[in-house]
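Letter by letter, the chains look like this.
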Amino acid sequence: MPELLTPELIKLREDCANFATQHLLIHSNHPAENAREQVRAAAKAAGLFAMTQPKAFGGSAAGQLALCVARETLAAANPPFMDSVFGPSPGVLGSVQEPLATSHLAPLIAGEKRSSFGFTEPDDATPTAGVIDGDNVIINGQKSYVTGGADADFINALVRIEGRGPSMIVIDTHLRGVKIENKFVSLDGSHHAAFSFTDVSVPANQIIGEPGEGLPKAMRQIGDVRLLFAAQACGYMIWVLNLLNEHLKSPDKSGEARGNKDVVRWHYSELRIQAFAARSMLYRTARLADSGENIVNEAIATKVFATEAVGVIVDRAIQLVGGTALVEDHPLAILYRRVRGWRLAEGATDVLKLNIGRGILELDKGRI
Ligand SMILES: Cc1cc2nc3c(=O)[nH]c(=O)nc-3n(C[C@H](O)[C@H](O)[C@H](O)COP(=O)(O)OP(=O)(O)OC[C@H]3O[C@@H](n4cnc5c(N)ncnc54)[C@H](O)[C@@H]3O)c2cc1C
């Protein structure tokens, strides 16, 4: 078993499995109009909502292993509204001082303001840049893929500040010069926006931390999301493999169990090996993170492996189940669309592999 969990974490896993059955799966077929509110209220009562929130704001600030256990277990039920279970986390705003603590972090945690993350830029654009002018930073540039951007009150954006370097800065979306250029929906159904900034004047005290410290801050948030993707991917692997288990025990037209054919068994076993490897990586990396180790390279390796593996597993499961699995609302077809973006979001697999090579060859970082 990769888990070897403490009694507390075993209890968390059981609680999450029960939560998925009692509060999420009940909305699978005919979700109530206020299903999200119901899920949020239940998640608060169960202590799950607070796991992603800082203690200073009433949260329980769970460690990476606990978060992985919770996310993997919920995803293993493949339920709807999983994104409403955990409260908004501070992300790059984690250790901000005043005025950002009151003006943006507190309302974010309370659910009164929505944030988004502006990192990716169009290939043909000049990098988003800022110039300090008295108490303000004047920002010009573009961000091309801001998840939830159209509904966001502010964007935590990476901006190259003249003379200081890459910095994270909070840009309120209502400011003059902030324009939504395009709204779009990706394959998984999630909503995004592309933004342009024209002479946007942002108070300089909305720079997160010191100017020039932006990249490590952005990368820390990206690293956390990479583990989140990996944990959910592992949960979906469990769900798909359970489905296949049932399917392969059921009879085909000749009356024989579908899993009696060697080639089918071979495929199924191959998928189980991949899931076992992905889960082993996830739990080891989460434990390293909780013990305070630098896990930049391990989180990359885990994200790459788990998101590629879940893609293969869902794809191969569709092949083994057959044409019915491709009907638009079949759970496997839905999963196929849902997991595809993970191989690009928070770093394309190809580029992350280069980062692993650079980590070890140039910086002597990264475990095997
Ligand atoms: C669902 C989803 C949500 C997203 N949400 C956000 C968000 O909230 N905020 C945000 O800022 N971004 C977001 N993104 C954007 C995401 O971070 C980028 O798509 C990702 O980093 C890849 O960048 P790109 O799309 O510009 O592709 P590119 O960087 O152009 O890469 C495309 C391909 O080109 C090749 N390639 C690129 N560079 C190299 C290289 N150096 N060496 C070798 N090959 C290379 C690789 O094959 C790579 O897969 C999201 C993306 C998705 C799919």
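Worth saying up front: this structure is predicted, and the values here are computed from it rather than measured.

Asks: For this particular structure, what's the right way to read the overall build of the chain?
Replies: Along the backbone of the chain there are 9 helices and 7 strands. Relative to its length of 368 residues, the chain is compact, with a C-alpha radius of gyration of 22 Å against a globular reference of 21 Å. Across its three principal axes, the chain shows a C-alpha extent of roughly 80 × 50 × 40 Å. Residue burial in the chain is summarised as follows: out of 368 residues, 39% are buried. Contacts in the chain between residues far apart in sequence, at least 24 positions, make up 68% of those at least 6 positions apart.

Asks: When you look at the packing of helix H1 (residues 7-24) against helix H3 (residues 64-75) in this model, what are you seeing that I'm missing?
Replies: Helix-helix packing is characterised by the crossing angle of the two axes and by the distance between the axes. Running from amino to carboxyl end, H1 crosses H3 at an angle of 30°, the nearest separation of the two axes being 8 Å. One way to sum up the angle between H1 and H3 is to call them roughly parallel. Helix-helix and strand crossings are classified by hand; for H1 and H3 the assignment is right-handed. Across the interface between the two elements, Leu9, Leu12, Arg13, Cys16, Ala17 and Ala20 of H1 pack against Leu65, Ala66, Val69, Ala70, Thr73 and Leu74 of H3. Broken down by class, the residue content of the contact of H1 with H3 amounts to 10 nonpolar, 1 polar and 1 charged.

Asks: Could you clarify how one ought to interpret the nonpolar core in this entry?
Replies: It is characteristic of soluble globular proteins that their nonpolar side chains tend to be buried jointly. One finds Ala233, Met237 and Leu282 to be the most contacted residues of the largest nonpolar core, which totals 63 residues. A per-element tally of this core places helix H5 (residues 214-249) first, with 12 residues. Beyond its immediate stretch of four places on either side in the chain, Met237 contacts Ala275, Ala278, Ala309, Val310 and Ile313. Formed by 34 residues, the second largest nonpolar core is a distinct cluster that contains Leu158, Ala193, Phe195 and Val202.

Asks: Help me out: how do you make sense of helix H6 (residues 262-290) in this one?
Replies: Each α-helix turn comprises 3.6 residues. Residues three or four places apart therefore point the same way. The end-to-end C-alpha distance of H6, which contains 29 residues, comes to 42 Å, matching closely the 42 Å that a straight helix rising 1.5 Å per residue would cover. Those residues of H6 lying buried are Tyr268, Leu271, Gln274, Ala275, Ala278, Arg279, Met281, Leu282, Tyr283, Thr285, Ala286 and Ala289. Lining the buried residues of H6 we find H3, H5 and helix H7 (296-321). Within two residues after H6, Gly292 carries a phi angle of roughly 85°, on the positive side.

Asks: What am I meant to see in the site of the ligand here?
Replies: Around the ligand sit 17 residues, and of these Phe119, Thr120, Thr147, Gly341 and Ala348 come closest. Residues of the shell around the ligand, tallied by class, amount to 9 nonpolar, 7 polar and 1 charged. Built from parts of two domains, the shell around the ligand gets at least three residues from each of domain 2 (113-208) and domain 3 (215-363).

Asks: Where do I start with the domain arrangement of the chain in this structure?
Replies: A common way to state how big an interface is: give the accessible area lost once the parts meet. Under the domain assignment used here, the chain contains domain 1 (7-89), domain 2 (113-208) and domain 3 (215-363). Distance from the C-alpha centre of domain 1 to the C-alpha centre of domain 2: 30 Å.

Asks: Sorry, what's going on with unusual backbone geometry here?
Replies: Negative phi characterises most residues that are not glycine, and trans characterises most peptide bonds. In this structure, Pro99 follows Glu98 across a cis peptide bond, with omega equal to 5°. Relative to the helices and strands, Pro99 resides in the loop between H3 and helix H4 (100-109). Residue Ala61 is not a glycine yet carries a positive backbone phi of 40°. For Ala61, the location among the structural elements is in the loop between helix H2 (35-46) and H3. Non-glycine residue Asp364 carries a positive phi angle of around 55°. Summarising the element assignment, Asp364 is placed in the segment after helix H9 (349-363).

About the criteria used
- Residues numbered from 1 in each chain as written.
- Predicted model: local features only at pLDDT ≥ 70, side-chain atom pairs only at ≥ 80, totals over all residues.
- Helix = DSSP H or I, 4+ residues; strand = E, 2+ residues; numbered from the N terminus.
- Rg over C-alpha atoms; globule rule 2.2 N^0.38 Å.
- Buried ≥ 20, exposed ≤ 12 C-beta atoms within 10 Å, placed from the backbone.
- Contact = placed C-beta atoms within 7 Å.
- Axes fitted to C-alpha atoms, helices over the stretch in contact; angles between N-to-C directions.
- Parallel < 35°, antiparallel > 145°, perpendicular 65-115°, else oblique.
- Left-handed = near helix turned anticlockwise from the far one by under 90°.
- Nonpolar A, V, L, I, M, F, W, Y, C, P; charged D, E, K, R; others polar.
- Core = buried A, V, L, I, M, F, W, Y, C linked by C-beta atoms within 7 Å.
- Expected span 1.5 Å × (residues − 1).
- Near = placed C-beta within 6 Å.
- Domains from an automatic or database assignment.

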